[in-house]
Amino acid sequence: MDILIQAAQLLLSLSILVVLHEFGHFIPAKIFKTRVEKFYLFFDWKFSIFKKKIGETEWGIGWLPLGGYVKISGMVDESMDTEQMAQPAQPWEFRAKPAWQRLIIMLGGVTVNLILGCLIYILVIFTYGVEKMNPNDVTAGLSVTPMLEKYGFQTGDVVLKAGDKVIDNAKDVNKEIMLRGARTFVVKHQDGKTENLTLPEDIDYNLFKSGAMVPFNFRMKSNVVDSILPKSKSNANGILKKGDILLNIGSHDIEYFDQTVSALYENKGKKVDITIARGNDTLVKNIMVSKEGTIGFAPKDANYDLDTNKLQLVNYSFGQSISEGTSYGIQTLKDYASQLKYIFTKKGASSIGGFGAIGKLFPPTWDWQIFWLNTALISIILAFMNILPIPALDGGHVVFLLYEIVTGKEAPQKVLEYAQYVGFAILLTLMVYANGNDIYKAIFGS
């Protein structure tokens, strides 16, 4: 049932975004008196679920839920209608319009997705407000990945400043390191002392490659084993059992899960004694820690060690929401563009996901606030991805139009057609690869 609720949210979200994206092309096309032959949600290869002709446009719903399209007369697009393109250009066709009008038509979908993402953020912030946790109010400080300890960070630290930016929400620290290039920090340790710390320039790549994509987190009181990974991937199999309570790893007493992480990291690639409570018994087990610093178990969920009275819900007027939502949308676009650098690493390539990964953004219960926040995020992602200069995407068409505007010469028709085929091949390959990754992870759990 959970997966059906997630799938329904994903389908509704994508349907809204696809329809509005295509209206972004449709409206300027009609303004410039360009004929739109088809407007489809999803693809109607071979047949459609529903279709109705209104005026000169056929409106329909296809059976293949991989997006949607508008078919504009006189344009090399998804339809690859070469017969139409072989005929003399007609006044109502895309190719007969001035280059600046064609450029506006092509940029319409991306523009709508970007504006829509910001608009949703504005309305969500106005309706629900924003939860913030002042760093000084995090009772036990933050957990810190062991990789940062050699640079002076300690579990329990409070990060007050990243670069020149004062941190007003403890949850933002990871983005400052991983996406926004912050390398100098002002931290307050548990003993109350404040210290200036500096990280190396390549720390973001090193953290990503090691799997420490969330270098800081709220501390979680959890030392109870919830599940064991399959035998082939877990040294804990046969040694630990569900419900075991970790009391000690090596020389470290265990109360918080980050203490487990630190203790295992310290002993990676070695054998270490662990003390556990099982029922009324206290047992000492010797276990081999992997070279990554894991033994293959998941902790039982527990409450984060937060003073919930200090978790602030900040409400905004509608005017303030416009500023906050727009800024948040633009920053989300910048952060997404920044994280693409990780794709060009071995770990990044294996992390690419398809519809399954996107579906997991949504919770297994319907929550309208999370639904709209995810829809805004996907809208901004679609805006960015569609403007990439890949043939068959809007960005590919924009490149050829800019070439025409600069040189005064249209790209040859055959070049446009071949580029479209190449673009389709690239997109199909990426789609198969991304969704193949989802299937692989679902089967093998990694």
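Residues numbered from 1 in each chain as written. Predicted model: local features only at pLDDT ≥ 70, side-chain atom pairs only at ≥ 80, totals over all residues. Heavy atoms only, no water.

1. Description of the side chain of Asp44
Now for step 1: Tracing the chain through its elements places Asp44 in strand β1 (residues 36-54).
Now for step 2: One polar contact links Asp44 to Lys38, side chain to side chain, over a distance of 3.3 Å. (Helix = DSSP H or I, 4+ residues; strand = E, 2+ residues; numbered from the N terminus. Polar contact = N/O pair within 3.5 Å; in protein donor to acceptor, adjacent residues only side chain to side chain.)

2. Examining the pattern of salt bridges
Now for step 1: The final tally for this structure, using the stated rule, is 15 salt bridges.
Now for step 2: Close ionic contact of Arg35 with Glu56 constitutes a salt bridge, the shortest N to O distance being 3.4 Å. Of the two residues, Arg35 is situated in the loop between α1 (2-31) and β1 and Glu56 in the loop between β1 and β2 (57-72); the sequence distance between them amounts to 21 residues.
Now for step 3: Of the residues examined, Arg35 reaches a relative accessible area of 28% and is grouped as partly exposed.
Now for step 4: Residues Asp335 and Arg180 are paired through a salt bridge, measuring 2.7 Å at the closest nitrogen-oxygen approach. Of this pair, Asp335 sits in helix α7 (residues 318-339) while Arg180 sits in the loop between α4 (173-178) and β7 (184-188), and the two are 155 residues apart along the sequence.
Now for step 5: Classification of Asp335 by relative accessible area gives buried; the value is 8%. (Salt bridge = Lys/Arg side-chain N within 4 Å of Asp/Glu carboxyl O. Buried < 20%, exposed > 50% of the residue type's maximum accessible area, 1.4 Å probe, protein only.)

3. Re the packing of helix α3 (residues 99-128) against helix α11 (residues 394-407)
Now for step 1: Interaxial distance between α3 and α11 falls to 10 Å at its minimum, and their mutual angle equals 160°. Comparing their axes, α11 and α3 come out roughly antiparallel. Classified by chirality, the crossing of α11 by α3 is left-handed. Residues Ala99, Arg102, Leu103, Met106, Leu107 and Val110 of α3 form the contact with α11, whose own contacting residues are Asp394, His397, Val398, Leu401, Leu402, Glu404 and Ile405. (Axes fitted to C-alpha atoms, helices over the stretch in contact; angles between N-to-C directions. Parallel < 35°, antiparallel > 145°, perpendicular 65-115°, else oblique. Left-handed = near helix turned anticlockwise from the far one by under 90°. Contact = heavy atoms within 4.5 Å.)

4. A look at the sheet that holds strand β11 (residues 245-249)
Now for step 1: Spatial ordering of the open sheet is given by β12-β11-β13-β14, a layout of four strands whose pairing is antiparallel. The strands lining the two open edges of the sheet, one partner per strand, are β12 (252-253) and β14 (281-288).
Now for step 2: Note that strand β13 (residues 271-278) and β14 share eight bridges and pair antiparallel. Bridged to Ile274 within β14 is Lys285.
Now for step 3: In the packing of helix α6 (residues 257-266) onto the sheet, contacts are made with β11 and β12, and the angle to β11 comes to roughly 45°. (Pairing = 2+ DSSP bridges.)

5. Some remarks on α6
Now for step 1: Taken together, the buried positions of α6 are Asp258, Thr260, Ser262, Ala263 and Leu264.
Now for step 2: Buried residues belonging to α6 abut β4 (142-144), β11, β12 and β15 (297-299).

6. Focus: the confidence of the model for the chain
Now for step 1: For the chain, the average pLDDT comes to 88, and 94% of its residues sit at 70 or higher.
Now for step 2: Mean pLDDT across the secondary structure elements of the chain bottoms out at helix α2 (residues 82-86), with 67, and peaks at α3, with 96. (pLDDT = per-residue confidence, 0-100.)

7. What to know about α1
Now for step 1: With 30 residues, α1 should reach 44 Å at 1.5 Å per residue; the first-to-last C-alpha distance of 44 Å fits that figure.
Now for step 2: Backbone geometry just downstream of α1 places Lys33 in the positive-phi region, at approximately 55°. (Expected span 1.5 Å × (residues − 1).)

8. Points about the packing of α3 against helix α10 (residues 368-386)
Now for step 1: For the pair α3 and α10, interaxial distance at closest approach is 8 Å and the crossing angle is 155°. The orientation of α3 relative to α10 falls into the category roughly antiparallel. For the element pair α3 and α10, the recorded crossing hand is left-handed. On α10, the residues that touch Val110, Asn113, Leu114, Leu116, Gly117, Ile120, Tyr121, Val124 and Tyr128 of α3 are Trp368, Gln369, Trp372, Leu373, Thr375, Ala376, Leu377, Ser379, Ile380, Leu382, Ala383 and Asn386.

9. What to know about unusual backbone geometry
For residues besides glycine, phi is generally negative; the peptide bonds are generally trans as well.
Now for step 1: Located in the positive-phi region is Phe42, a residue other than glycine, with phi close to 70°.
Now for step 2: When you line up the elements, Phe42 lands in strand β1.
Now for step 3: Phe42 sits in the buried class, given a relative accessible area of 12%.
Now for step 4: A positive phi is found at Lys46, a non-glycine position, where the angle reads about 75°.
Now for step 5: Exposure remark for Lys46: the relative accessible area of 69% places this residue in the exposed category.

10. Things to note about the nonpolar core
Now for step 1: The biggest cluster of nonpolar side chains holds 27 residues, and the ones touching the most others in it are Leu148, Phe153, Val159, Ile177, Phe185, Leu207 and Phe216.
Now for step 2: Elements with a contribution of two residues or more to this core: β4, β5 (158-162), α4, β7, α5 (203-210) and β9 (216-218).
Now for step 3: Not counting residues up to four positions away in its chain, the partners in contact with Phe153 are Val144, Leu148, Phe185, Val187, Leu197, Leu199 and Phe216.
Now for step 4: In this structure, Leu246, Ile249, Ile254 and Phe297 belong to the second largest nonpolar core, which totals 15 residues. (Core = buried A, V, L, I, M, F, W, Y, C linked by side-chain atoms within 4.5 Å.)

11. Points about the pairing of β7
Now for step 1: Strand direction decides the pairing type here: β5 and β7, joined by four bridges, are antiparallel. Bridging from a neighbouring strand, Val158 pairs with Lys188 of β7.
Now for step 2: The antiparallel pairing of β7 with strand β8 (residues 194-198) creates a hairpin that spans five residues between the two strands, and Gly192 there sits at a positive phi of about 90°.

12. Observations regarding the packing of aromatic side chains
Now for step 1: Tallied over the entire structure, the rule returns 23 aromatic pairs.
Now for step 2: Judged by centre distance (5.7 Å) and plane angle (10°), the ring pair of Phe47 and Trp63 falls under stacked. Pair noted here: Phe47 is in strand β1 and Trp63 is in strand β2, with a separation of 16 residues, a long-range link.
Now for step 3: Given a relative accessible area of 32%, Trp63 falls into the partly exposed group.
Now for step 4: Pairing Trp368 with Phe371 gives two aromatic rings, centres 5.3 Å apart and planes at 85°, and the pair type is edge-to-face. Taken as a pair, Trp368 and Phe371 lie in helix α10 at a separation of three residues, close to a single helical turn.
Now for step 5: Each residue in the set Phe362, Trp366, Trp368, Phe371 and Trp372 is aromatic and connected to the rest through ring pairs, giving one cluster.
Now for step 6: For Arg219, the ring lying beneath its charged end belongs to Tyr256, and the centroid distance is 3.9 Å. (Phe/Tyr/Trp six-rings, centres within 6.5 Å; stacked < 30°, edge-to-face > 60°. Lys NZ or Arg CZ within 6 Å of the ring centre and 35° of its normal.)

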